[in-house]
Structure formats: structure tokens, C-alpha cells
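So the chains spell out like this:
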Amino acid sequence: MPDKRPRRTFAVISHPDAGKSTLTEALALHARVITEAGAVHGKGDRRATVSDWMAMEKARGISITSAALQFVYRDHVVNLVDTPGHSDFSEDTYRVLSAVDSAVMLVDAGKGLEPQTLKLFKVCALRGIPVITVINKWDRPGLSPLALMDEIERQIKLRPTPLTWPVGEAGDFRGVLDRRTGEFVKYTRTAGGATRAPERRMSADEVEDVDAEAWAAAMDEHELLGLDDADHDQKRFLAGETTPVMFASALQNFGVAQLLDLLLDLAPAPSATAGVDGSVREVEDDFSAFVFKVQSGMNSSHRDRMAYARVVSGTFERGMIVTHASTGRPFATKYAQSLFGRETSAVEEASPGDIIGFVNAQALRVGDTVHLGDKIEYPPVPSFAPEHFMTATARDIGRYKQFRRGIEQLDQEGVVQVLRSDLRGDQSPVLAAVGPLQFEVVEERMTHEFNSPIRLTRLDYQVARRTDADGAQELRGARGCEVLQRTDGTYLALFIDKWRANNAAREHPDVLLEELPAGGA
Ligand code: G4P
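Residues numbered from 1 in each chain as written. Predicted model: local features only at pLDDT ≥ 70, side-chain atom pairs only at ≥ 80, totals over all residues. Heavy atoms only, no water.

Asks: Looking at this structure, I do not really get unusual backbone geometry. What am I missing?
Replies: Glycine aside, residues mostly have negative phi angles, and peptide bonds mostly take the trans form. Backbone geometry at Lys157 places phi at a positive 60 degrees, although glycine is not the residue there. Secondary-structure assignment places Lys157 in the loop between α6 (145-156) and β6 (159-162). The phi torsion at Asn253 lies on the positive side, around 65 degrees, for a residue other than glycine. Relative to the helices and strands, Asn253 is located in the loop between β11 (242-247) and α9 (256-266). (Helix = DSSP H or I, 4+ residues; strand = E, 2+ residues; numbered from the N terminus.)

Following this line, the structure appears as C-alpha cells:
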């Protein structure tokens, strides 16, 4: 029997250190996946366990993988999809965002909007993903809540519509005013935030003397917000015009239950999705899924390669023979893995919104669609403009085969973009990255996973523009410019700086030189 419980599939995104790992664990705790967060190891270890979901799974016997955490809350199935923490991996984040229906953006109350926060908001806007904003770390001194609302409005151009409002200023977090019901939700600390924080709901007349002043201040601000058109409007939220805001302390587990409630009440459920040709799959139509992440080397004892896919429509049943849209070939799903259920690694079935992993699916690449029934192909995830370029050569020529295999694999996973040209030949392809940390991953994995240490040599280019075969011809020999071809066939013209790129555009007005979306923070 297919599991018909409603789904919510979302990602938590933030500038590093805003508390993403802490919140993830707190969410799981509230959903009663974990019984006592951090209590076994104490606070010091809590960070280590949460930053690594696999370790967390081992330590607590809960159901997580490196790609998604699934739990049940109020009879809904919640899929929390993991995103990388560092801005150098923003392409990965972008891909993950193609697999979710909404995002929770964490903002550090003390720091306000940070570079990565701003960029991620933009990415969500680009992909049309509704965002719930959580102001975290309210247990610590920070900015005033109205100042934070102002920042969101001015810098992100989204109207903040707070659903809760803090009672007590940052650093003196007593609870929140639930702006929808007018109640005071009073929080009580537990030792180290190790267990679910008890909360008491009370009406305005029940607020005790100790909290009276803070409550009055919160009420004042709440009324101001009401006058300023800052009340939640579901349509505007889904249209990406507003962002509901809440206040929390992930570390103390304050506000976490409200966040889960909001996700269930407001965040969109999986819905109909359009393919590249404009045809639409409703969630109840034939099965289809979209590959958003390919990863290997997770288990050092054997070669493994997982392709993670989000179910878009229909019910997935293990063993189904589906069609790989880009090649038209059949694809067997015997080795599909569920991302939950620690002992049983096989997924028997999955519904729209769920994440499944295909083991050793060599044929699947990021952006691919698999389906039953009529052909459907979902739009590929656009790639960012690379800003860092290196040539890669095998340190040991005798290991060229391993070198080629490794580069091909990392290319398919999207760890870096791989560019080639006849001039350069296949021995030393150009690796292109949005952030320099991507190269470190390549070096590390080439050495340890593919047994082919590489030498990376920096190239002077900083700007890439998309061109075509004619452009490649015409720009041949132009100074400060080189045209290479990416594995997906796209021609990229590389320039040492943007002035040269602009100059080339002026000198060759007929040549296509299109800017790509900027990925760097
Ligand atoms: P990230 O995944 O977004 O990078 O952030 P992470 O959860 O690792 O949190 C970064 C730091 O912020 C950690 O402190 C964490 O304890 C702290 N933190 C997270 N949420 C809250 C909160 O609500 N209130 C307060 N006061 N702190 C919070 P750390 O010093 O790096 O580690 P630890 O020694 O405290 O574990």
C-alpha cells in the first residue's frame, strides 16, 4: 500500500555558523526521532555528531543519510534535504534546492544578513522556492527584531511577515507572542538544551508579572507590524513576495516546535511539475523522479556511487523498470535505497517529495529524469559561472587510465566543471570551479579514491561567458581569451578579466557572449 501521508520536503540553508546543524538536530529531536540530543556526549560532542549525519545516525540509531533525513510529525512525512555548509559549494546547494518545495533560512540574530544568506535568498527567488525565515540564537545578545525585519525588507526585497515575535530582547529569550492566536508561548530552559524544551501557552491575561514588561513591549511591536502590512498572507508567501519569520534558539530548542508546525501548515506540499517540453506531471500521475545529486566514495570499503533522486510524481516501487529519459534506455531499480531505515537499506516504495538513492547507477547524472509512461524530462539545473580555473594533469603518466576515470566521475557528480579543447588535448583538461575549495575535493579524491594524484596549475582566467561553435571559431586567437567546451557541449569563452570580456563583446558584436548566473558569494 502506498504511503498516502502528506509530504513536506524542504532544506535548511544559511550562512555558515548560523546554526544549521544545531537546528537539524533540534528538528529531529522534536519529531521524536532522537530522544535526547547531545545528552550522551555532552555539548562538546553534540556539534561533531550533528555536523555529520552519518555519525549521528550511528550514534543515535536514527534514520539519516548524507542526503536526507526523514521523519514523521503530526502524521506528515517530513523530508529534510541536506545542503553543503560552505559557500564554495554553492552549486551543490543550488542542485539540492531543485529537489525541495520550500526552504528554511536561518539568520544569526547577532549578525543579521550575511553574504551567503543574501545569495541563497536570491537562489530561492530564482527557483521560485518559498522561504521561511528563522531568526536564530535569540538566547544571545543581538540586533533588535524590528531592525532585522528592516534588513530583510531592504536587502532581500521580501516583505517579512513575522508569525511569532520574541518576548524579551535578544539575550533574554522568555518566549514568543504567537501573532496568529495572540497567546504567549513561554519557554523553559533545560540543561544544555539537551531535551525538548517545555513550553506553556497562555492568554494575554495569564502572563505573569515577571514577564509583564517584556510582553507589553512585544505587544506594542506586534501592533506596529499589523499596521505595516506585515501579517501573513499565504498567497503572497507562495508567490515569493513575503517570508514568514519566526524567532528561535536552536541550541535551547526554543521555537523549534513552532517551526515544524509552520512547515506543515504553510509550506507547500509536492505539486505538479512541468517538463522541458511544457508537459506537466501531476503528483498522482505515473512515476517520475529527478536526479539532483550524485555522490561516490562514501564507503571506503567498496566502490559505491549513489544517485539521489526526488520523486516528482507517482509511487516508486523497488524493482520497477523505468526509463532513463535522456537515453531512452530502461533502468532497473532493484538497488534503490531508502534514505531511512538503518538496517534495511532497500526502499520498497516512495511517494512524491521523498528522496531515493540508486546504488551504482552509472548511467545517471545530475539533472537526469527517470520515469514510467509517457516521456517526461525535467529542466536541467543551470550551472553557475565558474570563476576559478586550473589545468589538471596526472602526476604519474602510468596512471592515466585512473586519471581519466576519476576526472570523468567527478565531472558527472558535478564536483567541478570539466572543460576541454582540441588544442589542450585530453591529457590536461581544464577544471572550472565556483569556489576554490572544490579543487581541494578533486585533489583529495583523485589521490585517495582513484589512485591518481594530480598536479593542478592555475590559469589566469576569471570570467566565463557562454558562446557557441561559431563564437569558438571567431574568438580563436583573440588575446586574453580561450574557448573551451564543457562535457555537456556548452562552449565557454574564458577571459582574464571582465574588461576583456566586455571588449570582446564590443569587437565581435555578432558573437554570442552570454553571462552565466553568478555563484560566488
Ligand atoms: P552551521 O551548521 O550553520 O555551520 O552551525 P552550527 O549548528 O554548527 O552552529 C554554529 C555555532 O553556533 C555552534 O557553536 C552552535 O553551538 C552555535 N549555535 C547554534 N544555534 C545556536 C543558538 O540558538 N544559540 C546559541 N547561543 N548558539 C547557537 P560553536 O561554539 O561553534 O560550537 P559548540 O561548542 O557550541 O558546540
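Asks: In this structure, what is going on with the environment of Glu282? I would like to understand it.
Replies: The topology assignment puts Glu282 in the loop between β13 (280-281) and β14 (288-296). Separated by 70 residues in the primary sequence, Glu282 and Pro352 have C-alpha atoms spaced 9.8 Å apart. Beyond its immediate chain neighbours, meaning those up to four positions away, Glu282 contacts Ala272 and Ser313. (Contact = heavy atoms within 4.5 Å.)

Asks: Got a minute to help me understand a nonpolar patch on the surface in this structure?
Replies: Judged by side-chain polarity, Leu146, Leu224 and Leu227 come together as a nonpolar surface patch covering roughly 310 Å² of accessible area. With respect to the secondary-structure elements, Leu146 resides in helix α6. (Patch = residues over 30% accessible without salt bridge, like charges linked within 9 Å, V, L, I, M, F, W, Y side chains within 5 Å. Areas by Shrake-Rupley, 256 points an atom, 1.4 Å probe, with all protein chains shown as cover. Salt bridge = Lys/Arg side-chain N within 4 Å of Asp/Glu carboxyl O.)

Asks: I'm lost on the packing of aromatic side chains in this one. Help?
Replies: The description of two aromatic rings rests on the distance between their centres and on the angle between their planes. According to the stated counting rule, one finds 11 aromatic pairs in the structure shown. Ring plane angle 75 degrees and centroid distance 5.3 Å describe the contact between Trp165 and Phe247, whose orientation is recorded as edge-to-face. Of the two residues, Trp165 sits in strand β7 (residues 164-167) while Phe247 sits in strand β11, which places them 82 residues apart along the sequence. Members of the aromatic cluster, joined through ring pairs, are Phe287, Phe316, Phe331 and Phe358. Taking the ring centre of Trp499 as reference, the NZ or CZ of Lys498 above it sits at 4.8 Å. (Phe/Tyr/Trp six-rings, centres within 6.5 Å; stacked < 30°, edge-to-face > 60°. Lys NZ or Arg CZ within 6 Å of the ring centre and 35° of its normal.)

Asks: Looking at this structure, how should I read the pattern of salt bridges?
Replies: Opposite charge on two side chains permits them to pair, given that their charged atoms come into close proximity. Within this structure, the stated rule accounts for 28 salt bridges. Across the pair Asp426 and Arg420 runs a salt bridge whose closest N-O atoms are separated by 2.6 Å. Given a relative accessible area of 29%, Arg420 falls into the partly exposed group. Taken together, the shared-partner salt bridges in this structure form one network comprising Asp172, Arg174, Lys186, Arg200, Glu208 and Asp211. (Buried < 20%, exposed > 50% of the residue type's maximum accessible area, 1.4 Å probe, protein only.)

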